[in-house]
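# Architecture and fold: a report
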Amino acid sequence: MRKESKAFQAEAKELLDLMINSIYTNKDIFLRELISNGSDAIDKLKFKSLTNSHILGEDKDFRIDLTIDKDKREITIKDNGIGMTYEEVEENIGTIAKSGSKAFKKSLDNTGNSEIDIIGQFGVGFYSGFMVAGKIEFTTKSYDSEKGVKWESIGDGSYQMEEIDLDKRGTSITLTIKSGEEYDKYLEEWKARDIIKKYSDYIRYPIYFKDEIINSSKPIWKKDKKELKSEEYNEFYKSNFHDWTDPLMNFHLKVQGSVEYTALLYVPKKAPVDFYTKDYKKGLQLYTKNIFIMDRCDELIPEYFSFLKGLVDCDTLSLNISREILQQNKELTDISKSLEKKIIGEFEKLLKEDRPKYIEFWEEFGRNIKFGIQDMFGLNKDKLQNLLLFKTSLDDNYYTLQEYVDRMGDRTDILYAVGEDLASVKSLPKIEALKEKNIEILYLIDKIDEFSLKTMRDYCGKNFKSINDSDFKLDDSKEKEEEIKKLSEDNKDILNKVKDTLGDKVAEVKLSSDIGKGAVASLLAKGEISLEMERILTSMPGNQNVKAEKIFALNPEHPLFERLKADVNKESFKDLIDVLYTESLLLEGFQVENPAEFIKKLNGLLK
Ligand code: ADP
């Protein structure tokens with residue numbers, strides 16, 4: 001029979017050390033983690049037995065057993081679940097699953113993270129035992145194996161495992177509790193009962209302690225909402241969805257009608273570390289008649305709600321459903337459609353009833369909603385547009401599009417300004433002029449904002465318009481139009497000269513009274529691609545060399561325009577135009593191509 005001594009994988013060792021030296025004060029949760037592993041193991045076996053009932057044999061009464069031996073300082077947690085083969089032990093214990101390990105490494109590299117953040121970001125499950133135990137050993141036998149396995153480690157970086165004879169399927173883990181007052185309590189009966197009541201009460205299989213079942217085992221989502229305290233919801237979340245922090249909120253939905261199901265959904269407070277990586281898998285747990293079917297059922301929620309954690313329990317799903325068949329299951333599609341509507345409804349309600357909390361959600365996950373709007377050429381925009389929030393020039397609060405529209409009177413366009421951040425967009429010259437006229441502007445400070453608005457095209461019959469759009473007018477009176485027309489005619493030669501100087505960097509040079517009093521020159525864009533879109537698209541990998549059609553607008557009322565006129569035949573004219581053009585690029589957040597050259601020209605002019 002095989003017998004080996006092995007080293008923990010590097011990442012697992014790091015995690016292990018973290019556990020052993022843990023300053024994490026809530027060590028109680030080790031029991032919750034081990035019990036939930038046992039419950040998962042029974043879930044897995046039960047699922048397998050749906051299509052293959054004989055694998056259960058005589059051992060059909062699923063249970064978890066807890067025993068405490070005070071003299072030997074031992075706690076044992078035993079389950080009659082699926083068990084592990086020799087290979088599975090090697091794969092699962094002593095290593096961290098691929099996605100987990102990457103996320104873990106990443107969070108370690110990120111020195112800003114505290115230990116608790118790191119622990120909290122993903123399932124540390126089994127390893128948490130080392131917070132309280134100097135030694136862990138377990139025996140396990142897979143439903144699918146003749147032999148059993150014995151594994152042990154004192155958490156020193158190595159572990160020993162060997163094949164042994166075992167007659168019963170399942171896993172039994174024994175922790176030898178560290179000495180010290182801090183740890184003694186874990187050997188007390190009251191403490192075990194306490195922890196289980198608090199963290200594991202909902203576990204769907206009986207937990208036996210001293211011949212007595214000590215959990216209520218009614219799934220939390222089947223309980224009446226009114227009976228449940230937020231603490232219970234939160235504990236359930238933390239133990240089931242690998243988060244150490246309380247969720248931001250939950251939605252407990254009991255849906256009746258043409259489709260019937262119960263859903264318990266959570267919005268995490270923070271996105272998990274791997275959320276923006278390919279490793280992140282969205283989805284909800286799926287149950288039918290209390291039987292666990294699968295962990296991340298992707299079909300249940302759309303991409304833009306991928307941050308949601310939780311579960312769906314539907315009693316009418318057919319039991320012999322296999323994961324492959326699930327994908328085309330009509331009932332599942334109906335549930336996901338209904339769920340999508342319900343979730344949107346819940347967020348709309350939150351937006352109305354608890355704005356601060358909604359903002360907390362928005363700041364963490366609002367981007368997902370914006371992506372949802374752009375996705376599939378705007379197919380979902382009508383459903384999602386009322387969830388959008390923007391800062392505006394009105395004050396420092398967030399507003400919905402509806403709130404903006406309600407204030408805009410009979411103006412036809414929803415005006416927006418784009419910038420790298422709030423400070424730079426607020427200081428754009430045109431903003432000041434618009435504020436003086438009491439015209440409110442949406443601030444788009446997230447790179448994807450403008451793409452979302454372009455996908456939407458309009459809102460409530462009002463078009464979106466950038467203040468950098470070539471046909472945007474600060475003053476749209478007839479007189480002003482005439483005045484500019486005349487001035488343009490008078491200064492035709494100058495404008496031509498400017499255009500010659502700039503060459504094909506710009507499509508057009510014109511005079512404008514719409515760029516703000518303080519500004520001498522400004523860049524505008526014509527057509528579908530805005531300046532900001534050019535800036536963002538060209539900074540992306542696989543740069544597509546997308547160019548906005550640029551218009552260089554000069555303010556004839558600015559004193560520097562007089563200088564321009566005076567210098568038109570001087571040598572410095574070209575430098576003056578180059579400097580003004582570069583300034584207008586800077587103002588739109590572009591980078592100067594050749595800063596040294598720019599500074600030289602600027603200094604030359606200042607001389
Ligand atoms: P997690 O539970 O988050 O996956 P763990 O470190 O707790 O992380 O466990 C790693 C893996 O070991 C589990 O995914 C499971 O496959 C296996 N495992 C742990 N405990 C048990 C058990 N009691 N019975 C069967 N398999 C188990």
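What counts, and at which threshold
Residues numbered from 1 in each chain as written. Predicted model: local features only at pLDDT ≥ 70, side-chain atom pairs only at ≥ 80, totals over all residues. Heavy atoms only, no water. Helix = DSSP H or I, 4+ residues; strand = E, 2+ residues; numbered from the N terminus. Rg over C-alpha atoms; globule rule 2.2 N^0.38 Å. Buried < 20%, exposed > 50% of the residue type's maximum accessible area, 1.4 Å probe, protein only. Contact = heavy atoms within 4.5 Å. Areas by Shrake-Rupley, 256 points an atom, 1.4 Å probe, with all protein chains shown as cover. Lys, Arg positive; Asp, Glu negative; His and termini not counted. Charge placed at Lys NZ, Arg CZ, Asp CG, Glu CD. Core = buried A, V, L, I, M, F, W, Y, C linked by side-chain atoms within 4.5 Å. Domains from an automatic or database assignment. Pairing = 2+ DSSP bridges. Near = heavy atom within 4 Å. Polar contact = N/O pair within 3.5 Å; in protein donor to acceptor, adjacent residues only side chain to side chain. Nonpolar A, V, L, I, M, F, W, Y, C, P; charged D, E, K, R; others polar. Expected span 1.5 Å × (residues − 1). 1 Å grid on protein atoms, 1.4 Å probe; cavity = no way out; pocket = protein on both sides within 12 Å on 5 of 7 lines; lining within 4 Å. Points joined across faces, edges and corners; volume = space filled by probe spheres on them. pLDDT = per-residue confidence, 0-100. Salt bridge = Lys/Arg side-chain N within 4 Å of Asp/Glu carboxyl O.

### Brief notes about the overall build of the protein
Regarding its fold elements, the protein presents 22 helices and 23 strands. Against the compact-globule benchmark of 25 Å for 607 residues, the protein has a radius of gyration of 32 Å, which places it well outside the compact range. Its C-alpha atoms give the protein principal-axis dimensions of about 100 × 55 × 40 Å. A burial count over the protein gives 52% of its 607 residues as buried. Of all intrachain contacts in the protein linking residues separated by at least 6 positions in sequence, the fraction that spans at least 24 positions is 70%. For the protein, the accessible area works out to roughly 29600 Å², and carbon and sulfur atoms hold 48% of it. On the protein, the mean spot of the 96 positive side-chain charges and the mean spot of the 114 negative ones are 1 Å from each other.

### Concerning unusual backbone geometry
Trans is the common state for peptide bonds, and a negative phi is the common state for residues other than glycine. The phi dihedral of Asp-211 is positive, around 60 degrees, even though this residue is not glycine. Within the element layout of this structure, Asp-211 appears in the loop between strand 8 (207-209) and strand 9 (212-213). The exposure class assigned to Asp-211 is exposed, which follows from its relative accessible area of 79%. Although it is not a glycine, Phe-377 adopts a positive phi angle of roughly 50 degrees. Relative to the helices and strands, Phe-377 is located in helix 11 (residues 355-378).

### With respect to the nonpolar core
Core analysis: the biggest nonpolar cluster contains 74 residues, and Val-267, Phe-305, Leu-339, Phe-347 and Phe-361 have the highest contact counts within it. Of the residues forming this core, the biggest block, eight residues, is contributed by helix 10 (residues 330-353). Two domains each provide a minimum of three residues to this core, namely domain 2 (220-357) and domain 3 (389-466). Residue contacts for Phe-305: discarding those within four places in its chain leaves Glu-340, Ile-343, Ile-344, Phe-347 and Ile-369. Formed by 66 residues, the second largest nonpolar core is a distinct cluster that contains Leu-175, Phe-209, Ile-214 and Leu-311.

### Considering the sheet that holds strand 17 (residues 413-418)
Two orientations exist for strands paired in a sheet by backbone hydrogen bonds: parallel and antiparallel. Pairing is mixed in the open sheet, where six strands are placed in the order 16-15-18-17-20-19. At either end of the open sheet lies a strand with only one pairing partner, and these are strand 16 (398-399) and strand 19 (458-459).

### Some points on the pairing of strand 21 (residues 508-511)
Here strand 21 shows one buried face, formed by Val-509 and Leu-511, and one open face, formed by Glu-508 and Lys-510. Two elements, strand 21 and strand 23 (residues 549-554), share four bridges in a ladder whose sense is parallel. Bridge pairing in strand 23 places Leu-511 opposite Leu-554.

### Some details on the site of the ligand
Among the twelve residues in the neighbourhood of the ligand, the closest are listed as Asn-37, Asp-79, Asn-92, Gly-125 and Phe-126. Contacts to the ligand include Asn-92, whose side-chain N or O atom sits 3.3 Å from an oxygen atom. Take Thr-171: an N or O atom from its side chain is 3.3 Å from a nitrogen atom of the ligand. The biggest single contributor to the shell around the ligand is helix 2 (residues 29-51), with three residues. Each residue belonging to the shell around the ligand can be placed in one class, and the counts come to four nonpolar, six polar and two charged.

### Quick word on the domain arrangement of the protein
Domain annotation for the protein reports domain 1 (3-213), domain 2 (220-357), domain 3 (389-466) and domain 4 (478-606). The gap between the C-alpha centroids of domain 2 and domain 3 is 34 Å.

### Comments concerning helix 10
The end-to-end C-alpha distance of helix 10 is 35 Å, a good match for the 34 Å that 24 residues give at a rise of 1.5 Å each. Of the positions making up helix 10, those classed as buried are Leu-332, Ile-335, Ser-336, Ser-338, Leu-339, Glu-340, Ile-343, Ile-344, Phe-347, Leu-350 and Leu-351.

### Some words on the pairing of strand 17
Across the six residues that make up strand 17, a large majority, six, are buried. With four bridges connecting them, strand 17 and strand 20 (residues 462-466) associate as parallel partners. When the bridges of strand 20 are listed, Ile-414 appears paired with Phe-464. Bridge count between strand 17 and strand 18 (residues 442-444): three bridges; the pairing is parallel. Bridge pairing links Ala-417 to Tyr-443 in strand 18.

### Description of empty space enclosed by the protein
Following the criterion strictly, the structure yields two cavities of 30 Å³ or more and no others. Lining the largest cavity are Leu-428, Pro-429, Lys-430, Ile-467, Asn-468, Ile-515, Ala-519, Ala-521, Ser-522, Leu-587 and Glu-588. Broken down by class, the residue content of the lining of the largest cavity amounts to seven nonpolar, two polar and two charged. Viewed by domain, the lining of the largest cavity spans two of them, domain 3 (389-466) and domain 4 (478-606), each represented by three or more residues. There is about 40 Å³ of room inside the second largest cavity. Residue assignment for the lining of the second largest cavity shows that the elements contributing at least two residues are helix 2, strand 2 (64-69) and helix 7 (189-199). The element best represented in the lining of the second largest cavity is helix 7, accounting for three residues. Taken together, the residues that form the lining of the second largest cavity break down as eight nonpolar, no polar and one charged.

### Quick notes on the confidence of the model for the protein
Close inspection of predicted coordinates is inappropriate for parts of the model with low pLDDT. Looking at the protein, the pLDDT average stands at 88 and 92% of residues meet or exceed 70. Every residue in residues 110-123 is under pLDDT 50, and counting partners more than four places away or in other chains gives 32 contacts.

### Focus: the pattern of salt bridges
All told, the structure shown has 49 salt bridges when counted by the stated rule. A salt bridge links Lys-210 to Glu-189, with the nearest nitrogen and oxygen atoms 2.8 Å apart. Taken together, the residues span a long stretch of sequence, with Lys-210 in the loop between strand 8 and strand 9 and Glu-189 in helix 7 at a distance of 21 residues. Accessibility expressed as a relative area gives 56% for Lys-210, which makes it exposed. Overall, Glu-189 belongs to the partly exposed group, its relative accessible area being 32%. Counted as one network, the salt bridges with shared partners bring together Arg-32, Glu-33, Glu-235, Lys-238 and Asp-246.

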